[in-house]
Amino acid sequence: MTKQAIQKQGLEKIQTDLQWVMSCFKTMLLSLGEVALADQLPWVNPPQAARNSTELSDDKLAQALGMSFELLNLVEENAATQFRRKIETHFGLEAIRGSWGETLCTWKKEGMDPERIAQMLPNIKVMPVLTAHPTEAKRVTVLGIHRELYMLLVQNENPIWTPAEKETLTEQIISLLERWWRTGEIYLQKPTLENERENLLHYFVTVFPEALRLSDEKLRVAWKAMGFDSNLLKWPEQFPLLQFGSWVGGDRDGHPYVTPEFTASTLQVHRQAALKMIRTSLVELASKLSFSGQIRPAPPPFLTRVRAFADSLGDMGQKSLDRNPLEPWRQFVNLMIARLDGAIREKDLVREESSYRYASELSADLSYLRGNLLEMNAGRIAQQLLFPVERMVQCFGFHLAKLDIRQNSAYHEKVIEQLMRAAGYSDSAYGTWSEEKRLDFLNEELQSNRPFIIWGNSCGVEADTLLGYFRELKEYVDRYGADGMGSIIVSMTRSLSDLLVVYLFLREVGLLESNIPVVPLLETIEDLAAGPAILEAFLTHPVTLSRVGADALQEVMLGYSDSNKDGGILTSRWSIYKAEQQLTAVGNRLGVKLCFFHGRGGSISRGGGKIHRFLDSMPPGTVSGKIKMTVQGETIANQFANRLNATYNLEMFVAGTARQAMLTKEPEEVNALHPILDRMVDTAQQTYRELIAHPGFIHFYAQATPIDVLEQSKIGSRPARRTGKRSLEDLRSIPWVFSWSLARFMLTGWFGTGAALRELQASQPEEWTKLSEMVDNWPFLKYRLIQIETNLINADPDIMQAFAQLVEDEVVRSGLMSPILRDYEEGLKQIEKLMRLPAKERRLTRMENIRLRGSALGALHHMQIHELKTWRSSTSKDTPEAEQRLSKLLLLVNAISGGLKGTG
């Protein structure tokens, strides 16, 4: 069987499964008396069925179509998993693109020694960082129902069900769909920070431990399949390090509700969840480690260690021994549980022998137990039972997820001014100073350990808040160490002073000597270009030099969203590509490895897309093996809602990072294309900025997209604008992208590309030909073009035009729609020519995906346009009628985002 045949089977499976779940949906609606609505469902009714039944409520139709899209998404997700299984079965592990099987097979063919690979693997460290940016339009309750539905789809894969068992499964789905139908689909109130934290805890505690185990197994199986020595990959310290991060409770950039108290409680919630998760695994280990000391006596040193361990715990230690008197290995695990209980109770942290304070202490005891088992020739038992516990402690520690702290550089300027005024400085207008004056001041201040103010003094809202959460960090670090801390990230880093000022804040609370990294976030096109100079100045600064250890590592965060909003997609991605190369060159010159932190969103416009292709498209030689990546909003559920998908995405992340870490430099033929890309980007950026600089652009954008609805939505705890100003600069990138998507422009994912390619072909046809010849040999170029093409084919010119009719000024409307449509058509045409085949022949799955959704999405868009007109014409937005229309618009936002498989 060929891959094309399996792909065809996959598309047929989607149709079959979709018919099944949609017939369940129709049955459910009919049972509730919703006959007219059941007759409007897509995919189970004739396409010509009327959509204007007078018996039908638009609210109900919107909810039904939204649920239909989510069912299609779940069916496609399950089909993708089954497709990968079939590919692996017929063609082997190496046939799964981006997998460990493909990666190890490639290295083996290249003649790489297993010993070299084994030496490299422990140096790989990847960290998905979950954020709660407001792009998740679905309620947490509804996400739970989605997970249950997915599991029923997976159960349906069992080929041996009897007809009666199949009927039971069908009834379960119908019942679950009724629960979903009766559940409110949209947020009527903004989710609280506690809601968002609880949602992330589900993934950290329930999904990731199992996905970690399964992804480790994927690597182990692939290693064995290559015939490599199993002793080279047996214990946790031989595996890549996978850790997790979070922004909920630490991201303060424009989020006024993240208080110092919430940061402190989040760190404690994380710690308690990690301790209890580890305790559960230790209890399971104790239940299985039932070796009898009578059948095979334990070595005397081990018995001595057990006795000493018990004595250190007093009465609790003796109780642990009494529980299993003839099973010393189980006793040892019981003692670990008792000591862990001390940490959970938080009572005996002063007496360190009575309570674990650091995860490293538990790791040492587990390592000792492993050594004893190996000494007894029980290596198989150690690998099967002990490895998962050791791996869990290695990856989750006692902190569960590292909490990053993020704030904007402009906010920091206000804080330093307030501190200076409180300290009595005559000139405290820091925000107006030149960079040279700022550096003179900062360098002089950093030579002293003297704080600005006496503890307890108030000096301004911003300063009190910032020092409040820095002091909470200090208290946490003093008590538990810095393992639970991620990085202190400075949004909108524009200069060296933006980073050094954080050192003053750390000094103020006594954290300057800690190893918490200070990290620049380079977001705009200008800042990405200035990044290498900023980084060099920062790395060579005396305070930075005093803080880095022997294995110097510096994190640098790259912003995909704001750079896109600033210069368009082509300019953004090429600027990031070059910045990675130039920043890496700075690090290499100074002997510092870089850990790039990729601030990706869910949509293509904000850096989203398949993880393995994203990693493959990075510049060779820039991946040190250490990498962080945000997973935002609806992408969290898309990638990690079920264990199989979570395992797949973690495998792609870790294997892809390892693959890129082995690449050292870019091929010369690719280097030769850089000037061509530079010229293209000049044209794309100029075209994009001419569009947003049009005097009527803000007016057009405000009326041709539902941005005003998104600003009223309840889909995230954070405001849509950083400071509340009505300007493009102040608007967050997420609603910027989401609003264009809801109006089917998808403009943020392609505009400027058509003009750039057209100009290149017209003025430099030989360079255009070179580009075409290299498409398949340069991952960056191919990935970019495919992503841009995806946005182009997801856009819909008819719906664009319909939304544009909402713009009252005809001159503005025609003046902006003309360049938009011209670039849209040129982009499609140019990419098809570069790829040498039309999308309908190259991208069967994508085109089928769009075809399936087309009619139902069109109905929702036209409902949305009608409701927008009516809502906007309301003289007051505070009336019950206006509130009802807003609720309907938000329901449409939810339904359309499901149909588009994403938001911002």
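Look up: the structure comes first, before these words.
As the structure is a prediction and not an experimental result, all values here were calculated from the model.

Caption draft 1: Quick peek at the overall build of the chain. Assigned secondary structure in the chain consists of 38 helices and nine strands. Computed over its C-alpha atoms, the radius of gyration of the chain comes to 29 Å, within 12% of the 29 Å expected for a compact globule of 904 residues. Relative to its 904 residues, the chain shows a buried fraction of 61%. Partitioning the intrachain contacts of the chain with sequence separation of at least 6 by distance along the chain shows that 81% fall at a separation of at least 24. Here the chain has roughly 35800 Å² of accessible surface; of this, 52% comes from carbon and sulfur atoms. If you average the places of the 104 positive and of the 110 negative side-chain charges in the chain, the two averages end up 3 Å apart.

Caption draft 2: Local environment of the packing of helix α33 (residues 779–794) against helix α35 (residues 810–835). Relative to each other, α33 and α35 sit at 140 degrees, their axes nearing to 10 Å. Comparing their axes, α35 and α33 come out oblique. In the crossing of α33 with α35, the sense of the turn from one axis to the other is left-handed. Contacts between α33 and α35 involve Lys-782, Leu-785, Ile-786, Ile-788, Glu-789, Leu-792 and Ile-793 from the first element and Tyr-824, Gly-827, Leu-828, Ile-831, Leu-834 and Met-835 from the second. Along the lines of polarity and charge, the residues of the contact of α33 with α35 split into ten nonpolar, one polar and two charged.

Caption draft 3: How the structure looks around the packing of aromatic side chains. For the structure shown, the criterion picks out 42 aromatic pairs. Relative to Phe-441, the ring of Trp-433 lies with its centre 5.6 Å away and its plane at 80 degrees, an arrangement referred to as edge-to-face. Note on accessibility: Trp-433 and Phe-441 belong to one class, buried. An aromatic cluster is present here, built from Phe-291, Phe-302, Phe-309, Trp-329, Phe-332 and Tyr-368 joined pairwise through their rings. Sitting above the plane of the Phe-452 ring, Arg-507 keeps its charged end 5.1 Å from the centroid. In this structure, Arg-600 packs its charged tip against the face of Phe-614, placed 4.0 Å from the ring centre.

Caption draft 4: Expanded view of the nonpolar core. By size, the foremost hydrophobic cluster in this structure holds 125 residues, and its most contacted members are Leu-104, Leu-282, Met-336, Leu-362 and Leu-369. Top contributing element to this core by residue count: helix α8 (residues 193–225), with twelve residues. Once residues within four sequence positions are removed from consideration, Leu-369 is found in contact with Leu-289, Phe-302, Trp-329, Phe-332, Val-333, Met-336 and Leu-386. Leu-41, Ala-79, Trp-574 and Phe-697 belong to the second largest nonpolar core, which has 118 residues in total.

Caption draft 5: Fine view of the side chain of Glu-867. One can find Glu-867 in helix α37 (residues 844–872). Leave out the neighbours within four places in its chain, and Glu-867 touches Asp-58, Arg-885, Lys-888, Leu-889 and Leu-892.

Each value, and the rule that gives it
- Residues numbered from 1 in each chain as written.
- Predicted model: local features only at pLDDT ≥ 70, side-chain atom pairs only at ≥ 80, totals over all residues.
- Heavy atoms only, no water.
- Helix = DSSP H or I, 4+ residues; strand = E, 2+ residues; numbered from the N terminus.
- Rg over C-alpha atoms; globule rule 2.2 N^0.38 Å.
- Buried < 20%, exposed > 50% of the residue type's maximum accessible area, 1.4 Å probe, protein only.
- Contact = heavy atoms within 4.5 Å.
- Areas by Shrake-Rupley, 256 points an atom, 1.4 Å probe, with all protein chains shown as cover.
- Lys, Arg positive; Asp, Glu negative; His and termini not counted.
- Charge placed at Lys NZ, Arg CZ, Asp CG, Glu CD.
- Axes fitted to C-alpha atoms, helices over the stretch in contact; angles between N-to-C directions.
- Parallel < 35°, antiparallel > 145°, perpendicular 65-115°, else oblique.
- Left-handed = near helix turned anticlockwise from the far one by under 90°.
- Nonpolar A, V, L, I, M, F, W, Y, C, P; charged D, E, K, R; others polar.
- Phe/Tyr/Trp six-rings, centres within 6.5 Å; stacked < 30°, edge-to-face > 60°.
- Lys NZ or Arg CZ within 6 Å of the ring centre and 35° of its normal.
- Core = buried A, V, L, I, M, F, W, Y, C linked by side-chain atoms within 4.5 Å.

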